[in-house]
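Chains, contacts and geometry: an overview
One letter stands for each residue in the lines below.
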Amino acid sequence: MIENLAIFGATGDVTKRYIFPALTRLHDEGCLDGHFSIVGVGRRDWTSAQFQEHISEMLGTHRPQLPTGSREKFLPLLEYARVEDLSQVDSLGRVFANKSGSWLIYLGLPPQLYPSIVKALSHLALPAGTRIIIEKPFGLDYAQSKELNRLLHRKFSEDDVYRIDHFLGIPTVFNILGLRFDCQLFEPIWNRCHIKKVEVIWDETLALEGRADYYDRAGALKDMIQNHLLQMLVLLAIEPLESIWSPEFRDNKVKVLRSVRKLSKAEIQAHTTRATYQSGRILGKPVSAYAMESGVVPERKTETFAQVSMWVDNERWQGVPFILRSGKALKKERKEILIHFKNPRRKGRRLPSKRGHNILHFNLDTDEMNLELLNIEGGAGMRRKPTRMDAQLSSQNLPPYARLFLEAMSGNSTLFIRNDEVEEMWNIVQPIADSWGNNLVPLQTYRAGSLGPSLEGQTPKPHHLKEAQVIDV
Ligand code: BG6
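Residues numbered from 1 in each chain as written. Predicted model: local features only at pLDDT ≥ 70, side-chain atom pairs only at ≥ 80, totals over all residues. Heavy atoms only, no water.

The local shell around the ligand holds 13 residues, among which Tyr-18, Glu-204, Asp-223, His-228 and Lys-328 are the closest. Considered on its own, the ligand offers 390 Å² of accessible surface; in the complex 89% of this is hidden by protein. Of all elements in the fold, only helix H1 (13-28) and helix H8 (212-237) reach the threshold of two or more residues within the shell around the ligand. For the shell around the ligand, the leading source of residues is H8, giving three residues. Of the residues belonging to the shell around the ligand, the class tally is four nonpolar, two polar and seven charged. (Near = heavy atom within 4 Å. Areas by Shrake-Rupley, 256 points an atom, 1.4 Å probe, with all protein chains shown as cover. Helix = DSSP H or I, 4+ residues; strand = E, 2+ residues; numbered from the N terminus. Nonpolar A, V, L, I, M, F, W, Y, C, P; charged D, E, K, R; others polar.)

And the structure:
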């Protein structure tokens, strides 16, 4: 069992928004014993007491419901280690000195720093059983992800590398798998014969939040679509299996990724949108244009909104568009998956969709599921009318980061991304990133606090498989 946790990027955005709130939750649940030590590593010249004070303040904002008593019991677990240069083997070694037992190392740093720290770590003699968690994005392009995998494997076996994607800790995501694999109602219709379109939407009201250092080099495509939303696509499209707790789960995920079409330049022009926000108001507060934010280099033309249509070119999904979209500084939060079903056929023809269609809707924020069904309204008119069924899927679950840290501490990497998987994900996104970098798709603008840019001209076109592979509809 892991006895120590080292957090690199201890004063960063991810750490304050997610990691420490998650660790306090694990502490509340009795998952971190009294001897567990947490070492925050940063460049600031702080003492452990100053670090504890800083974390205490952050918890006030990011986990305000934490009772004072629990906070006071948690804070003494924290120590601080100052390392000015993460590529310096000697100063890095001091983080791990004077402690016995194995480590869980968490890297929550800007991706450009990963190669040098991973190289430096490879020169240290770390205790047996030490594991490493790496925050996304895993590199900023395909070549970097390959190189980072190579560097990691110099020191760690693949079993000890945990590439984290916190969307894989969202409870509702696993309800979707249950529904797909174990439910007699949905299992037989989860394919192109019955599903018309799938949408994964992650609209945020949050703007840049002072993260230009990282975000301006990434943008919405690399920050959200290359990892979180592509993972959602994989779980929606994966072939059914007996258990997700088997190696087959990650094998099947990679199979889906290999079937995702690498879009041609023409397809990228027709089926992707990128945009950046201009000044506006969100929830009554003024927001300045992205390009004017401190640390942003406007010439980089970084997108804060991205929409991409993808196709999984296999027998199950041939021709069904998966539309992935995420944007910042939008009017309202929408964290949803929508499955649009095809209408039934009458006398060989599908009922026209202007009468509506059936939609299965997952709200990943509130853990709710709704099914919109078409029904016939009784009474004189006998009109077709949508009916909605609502269900609360999960409650009182651990937050995603707490769940995933617990898995990593217990040595279970099923819910983490494998080396070949991350490279496949980059393989899919790289042509889009390259085309956008070459301005093949114009950068649109939208007002902060609006619903986003115009998405006209993005009607997904079907792509035909060879005759032999087509299942008769
Ligand atoms: C992070 C991205 O990984 O996910 C952020 O870097 C984004 O830009 C966040 O805001 C969204 O996840 P959640 O769980 O906060 O909705």
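And the narrative resumes.
Here the structure, examined in full by the defined rule, presents 25 salt bridges. Glu-423 is the salt-bridge partner of Lys-146, the closest N and O atoms lying 3.2 Å from each other. Here the residue Lys-146 occupies a position in helix H6 (residues 142-155), and Glu-423 occupies one in helix H12 (residues 419-437), the gap between them amounting to 277 residues. Between Arg-388 and Asp-390 there is a salt bridge, and its shortest N-O distance comes to 3.0 Å. (Salt bridge = Lys/Arg side-chain N within 4 Å of Asp/Glu carboxyl O.)

This part is about the pairing of strand E13 (residues 334-341). Walk down a regular strand and you will see the side chains alternate between the two sheet faces. Judged by how many residues are buried, E13 sits mostly within the fold: seven of eight residues are covered. Alignment of strand E7 (residues 195-203) against E13, held across eight bridges, turns out to be antiparallel. Bridge pairing in E13 places Glu-199 opposite Leu-338. As defined by bridge partners, E13 adjoins strand E16 (residues 359-363) across five bridges and the pair is classed as antiparallel. Counted as the bridge partner of Ile-339 is Leu-360 from E16. (Buried < 20%, exposed > 50% of the residue type's maximum accessible area, 1.4 Å probe, protein only. Pairing = 2+ DSSP bridges.)

Looking at the element boundaries, Asn-149 is found in helix H6. The exposure class assigned to Asn-149 is buried, which follows from its relative accessible area of 3%. For Asn-149, the contacting residues outside a window of four places in its chain are Phe-138, Arg-163, Asn-419, Val-422 and Glu-423. (Contact = heavy atoms within 4.5 Å.)

The subject of this paragraph is H12. End to end, H12 covers 26 Å across 19 residues, agreeing with the expected 27 Å (1.5 Å per residue, within 8%). The largest bend in H12 comes to about 35 degrees, at Val-429, with the proline Pro-431 one to four residues further on. Immediately beyond the C-terminal end of H12, within one or two residues, lies Asn-439, with a positive phi of roughly 60 degrees. (Expected span 1.5 Å × (residues − 1). Bend = angle between axes of the 7 residues up to and from the residue.)

Direction vectors running N to C along H8 and helix H9 (residues 247-259) enclose 105 degrees, while the axes themselves pass 9 Å from each other. If you check the angle between H8 and H9, you find them roughly perpendicular. On the side of H8, the interface is formed by Leu-230, Gln-231, Leu-233, Val-234, Leu-235 and Ala-237, while H9 contributes Phe-249, Lys-253, Val-256 and Leu-257. Taken together, the residues of the contact of H8 with H9 break down into eight nonpolar, one polar and one charged. (Axes fitted to C-alpha atoms, helices over the stretch in contact; angles between N-to-C directions. Parallel < 35°, antiparallel > 145°, perpendicular 65-115°, else oblique.)

On to the packing of aromatic side chains. For the structure shown, the criterion picks out 19 aromatic pairs. With a centroid separation of 4.9 Å and 85 degrees between ring planes, the pair formed by Phe-96 and Trp-103 is classed as edge-to-face. The class of Phe-96 is buried, set by a relative accessible area of 9%. When the centroid spacing of 5.5 Å and the interplanar angle of 50 degrees are considered together, the rings of Tyr-106 and Phe-405 count as tilted. (Phe/Tyr/Trp six-rings, centres within 6.5 Å; stacked < 30°, edge-to-face > 60°.)

A few words on unusual backbone geometry. In this structure, the amide linkage connecting Lys-136 to the following residue, Pro-137, adopts the cis form with an omega of -5 degrees. For Glu-209, which is not a glycine, the phi torsion comes out positive at approximately 55 degrees. The topology assignment puts Glu-209 in the loop between E7 and H8. Of the residues examined, Glu-209 reaches a relative accessible area of 48% and is grouped as partly exposed. Residues other than glycine seldom take positive phi values, yet Leu-283 does so here, at roughly 45 degrees. Along the chain, Leu-283 falls in the loop between strand E9 (280-282) and strand E10 (285-287). According to the relative accessible area criterion, Leu-283 is exposed, its value standing at 72%.

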